[in-house]
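Summary of the model geometry
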Number of protein chains: 2
Amino acid sequence: MNRQELIELIKRKKSFLCVGLDSDITKIPSHLMNDEDPVFEFNKAIIDATLPYTVAYKPNLAFYESNGIKGLLSLKKTMEYLSQFKDECFTIADAKRGDIGNTSEQYSKAFLDSNGDFNFDSMTIAPYMGEDSVKPFTIYDDKWVILLALTSNKGANDFQFTQDKNNQPLFEKVLTKAQEWGTINNLMFVCGATQATMFTRIRELAPESFLLVPGVGAQGGSLEEVSKYGMTKDCGLLVNSSRAIIFADNTENFAKIAGLEAKKVQEEMGKYMKLYM
Amino acid sequence: MNRQELIELIKRKKSFLCVGLDSDITKIPSHLMNDEDPVFEFNKAIIDATLPYTVAYKPNLAFYESNGIKGLLSLKKTMEYLSQFKDECFTIADAKRGDIGNTSEQYSKAFLDSNGDFNFDSMTIAPYMGEDSVKPFTIYDDKWVILLALTSNKGANDFQFTQDKNNQPLFEKVLTKAQEWGTINNLMFVCGATQATMFTRIRELAPESFLLVPGVGAQGGSLEEVSKYGMTKDCGLLVNSSRAIIFADNTENFAKIAGLEAKKVQEEMGKYMKLYM
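Below or above, wherever it landed, is the structure these notes cover. (Residues numbered from 1 in each chain as written. Chains lettered and ligands numbered in written order. Predicted model: local features only at pLDDT ≥ 70, side-chain atom pairs only at ≥ 80, totals over all residues.)

Details of the sheet that holds strand β1 (residues 17–21) of chain A
All names here are of chain A.
- Spatial strand order, β1-β2-β3-β4-β5-β6-β7-β8: eight strands in a closed barrel with parallel pairing. Direction aside, the axes of adjacent strands within the sheet are offset by 30° on average.
- Its contacts with the sheet place helix α8 (residues 170–178) against β5 (144–150) and β6 (187–191), and it is angled at close to 155° to β5. (Pairing = 2+ DSSP bridges. Helix = DSSP H or I, 4+ residues; strand = E, 2+ residues; numbered from the N terminus. Axes fitted to C-alpha atoms, helices over the stretch in contact; angles between N-to-C directions. Contact = placed C-beta atoms within 7 Å.)

In structure tokens form, the structure reads like this:
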């Protein structure tokens, strides 16, 4: 999915909600555990219920890899299911990969190649290894690299705010430098929402880039602040919510409740799009 | 495998060689391509030929994930095969993962849990997200986190050498800070060999930690310099070679030649262990 298509999708659904499919098998409703593939059945029901309100799905690879080969089969089936909605949602492999050049090429093949088992629109990458670890993810048409800049966890304080001699924190250097490696058409940034007021500064450095924003919902970020400080005329935001939607309920009504939670977020987003876009 | 066992293994084999199983399916000998699982057959032959000279094996996940589910089955079979030699070699999942705390827990389960599909002794982790992204990998007995500090690629220059106000480069901050999160018994560092003279400084900051050193061989690092500047009384080094050993030959003799290459490196290593340990 290219930038223009993504922007049109956001405008059409009046939503910039990304649902994080962090489908921890120990947390999904117990009545699904008799199914052959409980994680896939869970995802399918969540997707069906949330698709009208959602522009992106983001499975976090960790929750699939932790079930070994079986977990990756659940992911493959989930991506096959999502492929029928390819104009209705953007897909993100939350993989946080990154390695030397020839190895990053292999990762890009694993997740972005349309002939591969997964065929995501985009994947998240960690910046520590620099340019040659990032560039191989920009070679596919209409596919995206989403680079970690400012994350929403406590550990973000350990290195991401370290200032260099010109008082520039590391995450700002990542934001600036990486724009030499990709364009607004194939490069987004992860910017955590627990620091919403920092979006003013982020928009000075990356005025048009799409930002993937975790940390709203269970992690406590404010959707209004993110919208106020981070939104552009093209929206420019994908705000993720995982647990607050997919685990809102764990009875047989889980999907319905997840859908209602997504609708609630979408309605709030529609309001902010009117105000700030 | 715990620290003492690893040190004894190194002394017994007079080797600190790690063979990187970057088993790119497009590069393995063509006569194997008729096998049901060419990558596993390749790995098995390489392991059989190199085991006497090798103390560790390091499959890079990217080369398995790029073949999708099939690739991960090759990895699972490789790890099952290696499990019979668990006292003969240390295993490293070169995965470069790292995510917020609850997600990193899932990754640790994926690769380090003895009930999982892979059951590695250790895995590589990227430091960008800080403490809570690293700590979950330290909870298993006799298992290790191997944190990226100084990598061997060109892109290492983009962020890892950025100096803070006290002139401390980022990779040194990672080396120092991370030792608050783990001990010399469960934390190693990746330190690239293309910068061998920097090992003097690295040893000031991490005098006893084991270092996983890529970049010797195809990437051009010098084994003698790494040994001279990086070795401790317990050796403290695992030096990786991937392509220079596993792809030394691509005829039906590939395994034999790989074994001879590994033997050559081991003999050189034995010499440096006498000189510098």
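That was the structure; now back to the text.
Overview of the environment of I10 of chain A
Residue and element names in this part refer to chain A.
- Along the polypeptide, I10 turns up in helix α1 (residues 3–13).
- Each C-alpha atom, one on I10 and one on L238, is 9.1 Å from the other, the two residues being 228 residues apart in sequence.
- Not counting chain neighbours up to four residues away, the residues in contact with I10 comprise S15, F16, V55 and C235.

A closer look at the interface of chain A and chain B
- Each side of the interface is counted separately: chain A has 48 residues, and chain B has 48 residues.
- At the level of elements, α3 (62–65), α4 (68–83), β3 (90–97), α5 (101–112), α6 (131–134), α7 (156–159) and α8 of chain A are the ones that each hand at least two residues to the side of chain A that touches chain B.
- For the side of chain A that touches chain B, the element with the most residues is α5 of chain A, which contributes six residues.
- Taken together, the residues of the side of chain A that touches chain B sort by class into 17 nonpolar, 16 polar and 15 charged. (Nonpolar A, V, L, I, M, F, W, Y, C, P; charged D, E, K, R; others polar.)

Examining the nonpolar core
- By size, the foremost hydrophobic cluster in this structure holds 185 residues, and its most contacted members are M123, I146 and L147 of chain A together with M123, I146 and L147 of chain B.
- Contacts of I146 of chain B, omitting those with residues within four sequence positions, involve I92, S122, M123, T124, I125, M188, F189, V190 and L212 of chain B. (Core = buried A, V, L, I, M, F, W, Y, C linked by C-beta atoms within 7 Å. Buried ≥ 20, exposed ≤ 12 C-beta atoms within 10 Å, placed from the backbone.)

Digging into the relation of the copies chain A and chain B
- With an RMSD of 0.0 Å, chain A superimposes on chain B once it is rotated by 180° and translated 0.0 Å along the axis. When the rotation and shift are considered jointly, the pair of chain copies conforms to a two-fold rotation axis. When C-alpha distances to the rotation axis are compared across chain A, the minimum falls at D164 of chain A, with a value of 2.1 Å.
- When the interface residues of chain A are mapped onto chain B, 100% of them again fall at the interface, so both copies present the same face. (Least-squares fit on C-alpha atoms with pLDDT ≥ 70 in both.)

Observations concerning the packing of helix α2 (residues 38–50) of chain A against α4 of chain A
All names here are of chain A.
- Closest axis-to-axis distance for the α2/α4 pair is 9 Å, and the angle between their directions is 25°. By the angle between their directions, the pair α2 and α4 is classed as roughly parallel. Here α2 runs over α4; the crossing is right-handed. Contacts between α2 and α4 involve V39, F40, N43, K44 and I47 from the former and G71, S74, K77, T78, Y81 and L82 from the latter.
- Split by residue class, the contact of α2 with α4 holds five nonpolar, four polar and two charged. (Parallel < 35°, antiparallel > 145°, perpendicular 65-115°, else oblique. Left-handed = near helix turned anticlockwise from the far one by under 90°.)

Let's talk about the packing of helix α10 (residues 223–230) of chain A against helix α12 (residues 254–276) of chain A
Residues and elements named next belong to chain A.
- One can describe the packing of α10 onto α12 by two numbers: an axis separation of 10 Å at closest approach and a directional angle of 25°. In terms of their interaxial angle, α10 and α12 are classed as roughly parallel. Relative to α12, α10 is oriented so that their crossing is right-handed. Across from L223, E224, S227 and K228 in α10, the residues of α12 making contact are E268, Y272 and Y276.
- Grouping the constituent residues of the contact of α10 with α12 by class yields three nonpolar, one polar and three charged.

Description of the sheet that holds strand β8 (residues 237–241) of chain B
All names here are of chain B.
- Read around the closed barrel, eight strands run β1-β2-β3-β4-β5-β6-β7-β8, paired in parallel fashion. Shown here is a sheet whose adjacent strand axes are inclined to one another by a mean of 30°, direction ignored.
- Of the pairings in the sheet, the one linking strand β2 (residues 56–59) to strand β3 (residues 90–97) comprises two bridges and is parallel in character. Bridging across to β3, Y57 finds its partner in T91.
- Contacts from helix α8 (residues 170–178) reach β5 (144–150) and β6 (187–191), with the element oriented near 155° to β5.

Considerations on unusual backbone geometry
Residue and element names in this part refer to chain B.
- For K14, which is not a glycine, the phi torsion comes out positive at approximately 50°.
- Following the sequence through the fold, K14 ends up in the loop between α1 (3–13) and β1 (17–21).
- With 15 C-beta atoms counted inside 10 Å, the residue K14 sits in the partly exposed group.
- Here N167, not a glycine, exhibits a phi torsion of approximately 65°, which is positive.
- By the element assignment, N167 lies in the loop between α7 (156–159) and α8.

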